[in-house]
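Residue strings, one per chain:
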Amino acid sequence: MTTAAYVQHIEGFGTVTVRPVDPDRDAPLLHGWVNEERSRFWGMVGTTVEEVREVYAHLDSLTTHHGFLISKDEVPVALFQTYDPEADRVGECYEVLPGDIGVHLLIAPGPAPLPGWTGRLLDVLITFALRDRARIVVDPDAANEKAIARMVRAGFTLGPLVVLPEVDLPEVFIPAKKAQLAFLPKA
(Lines give C-alpha, C1' and ligand atoms only; values in the text may rest on other atoms or scores of the structure.)
Protein backbone atom coordinates (compact mmCIF):
# COMPACT_ATOMS: atom_id res chain seq x y z
CA MET A 1 0.00 0.00 0.00
CA THR A 2 1.36 3.41 -0.96
CA THR A 3 1.60 5.88 1.91
CA ALA A 4 -0.62 8.95 1.70
CA ALA A 5 1.15 12.20 0.91
CA TYR A 6 -1.69 14.27 2.40
CA VAL A 7 -5.01 13.64 4.16
CA GLN A 8 -7.66 16.24 5.01
CA HIS A 9 -11.05 15.73 6.63
CA ILE A 10 -13.73 18.29 5.77
CA GLU A 11 -16.79 18.35 7.98
CA GLY A 12 -19.88 17.60 5.91
CA PHE A 13 -17.82 16.48 2.91
CA GLY A 14 -15.57 13.62 3.97
CA THR A 15 -11.92 12.63 4.05
CA VAL A 16 -9.76 13.38 1.02
CA THR A 17 -6.56 11.37 0.63
CA VAL A 18 -3.75 12.26 -1.78
CA ARG A 19 -1.35 9.38 -2.48
CA PRO A 20 1.30 8.81 -5.15
CA VAL A 21 0.13 6.89 -8.20
CA ASP A 22 1.34 3.29 -8.17
CA PRO A 23 1.80 2.67 -11.93
CA ASP A 24 1.39 -1.11 -11.74
CA ARG A 25 -1.64 -1.12 -9.43
CA ASP A 26 -3.39 2.02 -10.71
CA ALA A 27 -2.91 1.71 -14.49
CA PRO A 28 -6.14 -0.25 -15.11
CA LEU A 29 -8.21 2.31 -13.17
CA LEU A 30 -6.50 5.31 -14.77
CA HIS A 31 -6.80 3.71 -18.21
CA GLY A 32 -10.57 3.66 -17.82
CA TRP A 33 -10.59 7.32 -16.81
CA VAL A 34 -8.25 8.72 -19.48
CA ASN A 35 -9.98 6.83 -22.30
CA GLU A 36 -13.37 8.45 -21.73
CA GLU A 37 -14.32 11.02 -24.40
CA ARG A 38 -14.85 13.58 -21.61
CA SER A 39 -11.13 13.17 -20.80
CA ARG A 40 -9.94 14.01 -24.33
CA PHE A 41 -8.07 17.09 -23.11
CA TRP A 42 -5.89 14.79 -20.98
CA GLY A 43 -4.45 13.55 -24.29
CA MET A 44 -4.53 9.81 -23.62
CA VAL A 45 -7.71 8.63 -25.39
CA GLY A 46 -6.85 5.48 -27.32
CA THR A 47 -4.03 4.34 -25.04
CA THR A 48 -3.71 0.79 -23.74
CA VAL A 49 -3.40 -0.17 -20.07
CA GLU A 50 0.31 -0.85 -20.65
CA GLU A 51 0.84 2.57 -22.25
CA VAL A 52 -0.86 4.23 -19.26
CA ARG A 53 1.36 2.20 -16.92
CA GLU A 54 4.45 3.29 -18.89
CA VAL A 55 3.45 6.97 -18.75
CA TYR A 56 3.00 6.88 -14.97
CA ALA A 57 6.12 4.75 -14.45
CA HIS A 58 8.05 7.42 -16.39
CA LEU A 59 6.42 10.19 -14.34
CA ASP A 60 7.29 8.26 -11.16
CA SER A 61 10.95 8.19 -12.22
CA LEU A 62 11.16 12.00 -12.34
CA THR A 63 11.99 14.27 -9.41
CA THR A 64 10.18 17.23 -11.00
CA HIS A 65 6.81 15.68 -11.91
CA HIS A 66 4.47 13.70 -9.65
CA GLY A 67 1.20 11.84 -10.14
CA PHE A 68 -1.32 11.43 -7.32
CA LEU A 69 -4.48 9.38 -7.01
CA ILE A 70 -7.12 11.29 -5.06
CA SER A 71 -9.71 9.45 -2.99
CA LYS A 72 -12.72 10.73 -1.09
CA ASP A 73 -13.74 8.44 1.75
CA GLU A 74 -11.46 5.75 0.26
CA VAL A 75 -13.10 5.87 -3.20
CA PRO A 76 -10.81 7.03 -6.06
CA VAL A 77 -12.23 10.25 -7.52
CA ALA A 78 -9.46 12.11 -9.35
CA LEU A 79 -5.99 12.12 -10.83
CA PHE A 80 -3.78 15.05 -9.82
CA GLN A 81 -0.36 15.86 -11.20
CA THR A 82 2.13 18.40 -9.91
CA TYR A 83 5.27 19.56 -11.66
CA ASP A 84 8.09 22.07 -11.57
CA PRO A 85 7.29 24.55 -14.37
CA GLU A 86 11.01 25.10 -15.03
CA ALA A 87 11.28 21.41 -15.96
CA ASP A 88 8.16 21.45 -18.16
CA ARG A 89 7.23 22.92 -21.52
CA VAL A 90 4.98 25.48 -19.83
CA GLY A 91 8.16 27.09 -18.46
CA GLU A 92 8.97 28.21 -22.02
CA CYS A 93 5.71 30.19 -22.17
CA TYR A 94 5.80 32.48 -19.13
CA GLU A 95 8.23 33.88 -16.59
CA VAL A 96 8.54 31.16 -13.95
CA LEU A 97 8.85 32.65 -10.45
CA PRO A 98 10.53 31.01 -7.46
CA GLY A 99 7.94 28.89 -5.66
CA ASP A 100 5.76 28.19 -8.71
CA ILE A 101 4.16 24.76 -9.04
CA GLY A 102 2.18 23.49 -12.00
CA VAL A 103 -0.83 21.23 -11.59
CA HIS A 104 -3.16 19.15 -13.76
CA LEU A 105 -6.47 17.72 -12.52
CA LEU A 106 -8.69 15.01 -14.00
CA ILE A 107 -11.95 14.29 -12.18
CA ALA A 108 -12.97 10.64 -12.53
CA PRO A 109 -15.96 9.84 -14.72
CA GLY A 110 -19.13 8.87 -12.96
CA PRO A 111 -22.44 10.26 -11.85
CA ALA A 112 -22.58 14.03 -11.53
CA PRO A 113 -21.44 14.98 -8.05
CA LEU A 114 -23.50 17.21 -5.80
CA PRO A 115 -23.23 20.97 -6.40
CA GLY A 116 -20.04 22.32 -4.84
CA TRP A 117 -18.36 18.89 -4.76
CA THR A 118 -15.62 19.70 -7.30
CA GLY A 119 -14.93 23.05 -5.64
CA ARG A 120 -14.46 21.45 -2.23
CA LEU A 121 -12.17 18.79 -3.68
CA LEU A 122 -10.19 21.45 -5.54
CA ASP A 123 -9.81 23.46 -2.31
CA VAL A 124 -8.08 20.45 -0.72
CA LEU A 125 -5.80 19.98 -3.73
CA ILE A 126 -4.89 23.69 -3.75
CA THR A 127 -4.00 23.47 -0.06
CA PHE A 128 -1.88 20.38 -0.78
CA ALA A 129 -0.08 21.99 -3.74
CA LEU A 130 0.64 25.26 -1.91
CA ARG A 131 2.01 23.67 1.29
CA ASP A 132 5.58 24.64 0.39
CA ARG A 133 5.00 26.70 -2.77
CA ALA A 134 4.05 30.30 -3.48
CA ARG A 135 1.88 30.06 -6.61
CA ILE A 136 0.04 27.52 -8.75
CA VAL A 137 0.04 27.69 -12.54
CA VAL A 138 -2.43 25.71 -14.64
CA ASP A 139 -2.40 25.29 -18.41
CA PRO A 140 -5.73 23.79 -19.55
CA ASP A 141 -6.36 23.37 -23.26
CA ALA A 142 -7.75 26.67 -24.53
CA ALA A 143 -10.80 24.79 -25.87
CA ASN A 144 -11.58 23.28 -22.44
CA GLU A 145 -14.03 25.96 -21.38
CA LYS A 146 -15.33 23.94 -18.40
CA ALA A 147 -11.85 23.57 -16.87
CA ILE A 148 -11.04 27.24 -17.41
CA ALA A 149 -14.33 28.34 -15.83
CA ARG A 150 -13.69 25.97 -12.88
CA MET A 151 -10.27 27.52 -12.27
CA VAL A 152 -11.71 31.05 -12.38
CA ARG A 153 -14.39 30.03 -9.83
CA ALA A 154 -11.59 28.65 -7.63
CA GLY A 155 -9.88 32.05 -7.61
CA PHE A 156 -7.32 31.69 -10.40
CA THR A 157 -6.47 34.77 -12.47
CA LEU A 158 -6.33 34.20 -16.20
CA GLY A 159 -2.95 34.77 -17.82
CA PRO A 160 -2.05 34.72 -21.49
CA LEU A 161 -3.14 32.28 -24.15
CA VAL A 162 0.01 30.41 -25.22
CA VAL A 163 1.08 27.54 -27.43
CA LEU A 164 2.83 24.87 -25.40
CA PRO A 165 5.58 23.46 -27.63
CA GLU A 166 5.67 19.85 -28.81
CA VAL A 167 7.71 17.44 -26.69
CA ASP A 168 9.33 14.66 -28.75
CA LEU A 169 11.65 12.53 -26.62
CA PRO A 170 12.39 8.80 -26.79
CA GLU A 171 10.28 8.16 -23.66
CA VAL A 172 7.41 10.59 -24.34
CA PHE A 173 5.66 12.47 -27.15
CA ILE A 174 3.26 15.32 -26.39
CA PRO A 175 1.87 17.38 -29.28
CA ALA A 176 1.85 21.18 -29.21
CA LYS A 177 -1.29 22.63 -27.62
CA LYS A 178 -2.95 26.01 -27.33
CA ALA A 179 -3.38 26.60 -23.60
CA GLN A 180 -4.92 29.16 -21.28
CA LEU A 181 -2.54 29.92 -18.45
CA ALA A 182 -4.02 30.82 -15.07
CA PHE A 183 -2.36 31.59 -11.74
CA LEU A 184 -3.28 31.32 -8.07
CA PRO A 185 -0.92 32.80 -5.47
CA LYS A 186 -0.78 31.48 -1.92
CA ALA A 187 -3.20 33.52 0.20
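Residues numbered from 1 in each chain as written. Predicted model: local features only at pLDDT ≥ 70, side-chain atom pairs only at ≥ 80, totals over all residues. Heavy atoms only, no water.

Overview of helix H4 (residues 145-153)
Keep this limit in mind: Type-normalised accessible area, obtained with a 1.4 Å probe on protein chains alone, sets the label of each residue: buried when under 20%, exposed when over 50%, and partly exposed for intermediate values. A run of H or I in DSSP becomes a helix once it reaches four residues, and a run of E becomes a strand once it reaches two; helices and strands are each numbered from the N terminus. Taking the helix axis as origin, the arc is that swept by the directions to the C-beta atoms. The contact rule is simple, with two residues in contact once any of their heavy atoms fall within 4.5 Å.
Residues of H4 that are buried include every one of Ile-148, Arg-150 and Met-151, and no others. Taken down its axis, H4 places every buried residue within 160° of arc, on the same side. Seen from the open side of H4, the exposed residues pointing more than 90 degrees away from its buried face are Glu-145, Lys-146 and Arg-153. Contact partners of the buried residues in H4: helix H3 (117-129), strand E6 (135-138), strand E7 (157-164) and strand E10 (177-185). Just past H4, the residue Gly-155 takes up positive phi, approximately 105°.

What about the confidence of the model for the chain?
Which entries qualify depends on this criterion: pLDDT is defined as a per-residue confidence score from the predictor, taking values between 0 and 100.
Averaged over the chain, the pLDDT score is 93; the fraction of residues at 70 or greater is 97%. Taking the mean pLDDT of every element in the chain, the minimum, 71, falls on strand E9 (residues 172-174) and the maximum, 98, on E6.

Section: the nonpolar core
Spelled out, the test is: What makes a nonpolar core is a set of buried Ala, Val, Leu, Ile, Met, Phe, Trp, Tyr and Cys residues whose side-chain atoms join them at distances within 4.5 Å.
Among the nonpolar cores identified, the biggest contains 28 residues, and Ile-70, Phe-80, Leu-121, Ile-136 and Phe-156 are the most heavily contacted of them. Looking at which element gives the most residues to this core, the answer is H3, with 8 residues. Apart from residues no more than four positions distant in its own chain, Phe-80 is found in contact with His-66, Gly-67, Phe-68, Ile-70, Val-103, His-104, Leu-105, Leu-125, Phe-128 and Ala-129. Of all hydrophobic cores here, the second largest spans 14 residues; its members include Leu-30, Trp-42, Leu-59 and Leu-106.

Brief notes about the packing of aromatic side chains
Note the threshold: Aromatic pairing here means that ring centres of Phe, Tyr or Trp (its six-membered ring) are within 6.5 Å. Orientation follows from the plane angle: under 30 degrees is stacked, over 60 is edge-to-face, and everything else is tilted. Only lysine NZ and arginine CZ atoms are considered, and such an atom sits over a ring when it is within 6 Å of the ring centre and within 35 degrees of the ring normal.
Summed over the entire model, instances satisfying the criterion amount to 5 aromatic pairs. Judged by centre distance (6.2 Å) and plane angle (55°), the ring pair of Phe-13 and Trp-117 falls under tilted. Of this pair, Phe-13 sits in the loop between strand E1 (6-10) and strand E2 (14-20) while Trp-117 sits in helix H3, and the two are 104 residues apart along the sequence. With relative accessibility at 10%, the residue Phe-13 sits in the buried group. Given the relative accessible area of 14%, Trp-117 is considered buried. A centroid spacing of 5.3 Å and a plane angle of 55° characterise the contact between Tyr-94 and Phe-183, whose relative ring orientation is tilted. Of this pair, Tyr-94 sits in the loop between strand E4 (75-83) and strand E5 (100-107) while Phe-183 sits in strand E10, and the two are 89 residues apart along the sequence. Comparing Tyr-94 with Phe-183, the two get one shared label, buried. Taken together, Tyr-6, Phe-68, Phe-80 and Phe-128 form an aromatic cluster joined through their ring pairs. Above the face of the Phe-13 ring, Lys-72 is positioned so that its terminal group lies 5.0 Å from the ring centre.

Digging into the environment of Thr-82
Looking at where Thr-82 falls in the secondary structure, it is placed in strand E4. On the accessibility criterion, Thr-82 (7% relative accessible area) is buried. Setting aside chain neighbours within four positions, we find Thr-82 in contact with Thr-64, His-65, His-66, Phe-68, Ile-101, Gly-102 and Val-103.

Details of the sheet that holds strand E3 (residues 65-72)
Formally: Pairing between two strands is assigned when DSSP locates at least 2 bridges connecting them. Helix axes use the C-alpha atoms of the stretch in contact, all axes being lines fitted to C-alpha atoms, and the angles between their N-to-C directions lie in the range 0 to 180 degrees.
One open sheet accounts for 8 strands, arranged E1-E2-E3-E4-E5-E6-E10-E7; its pairing is mixed. Each edge of the open sheet carries a strand with a single partner, namely E1 and E7. On average, adjacent strands in this sheet sit at an angle of 25° to one another, irrespective of strand direction. As defined by bridge partners, E4 adjoins E5 across 6 bridges and the pair is classed as antiparallel. What sits directly across from Leu-79, in E5, is Leu-106.

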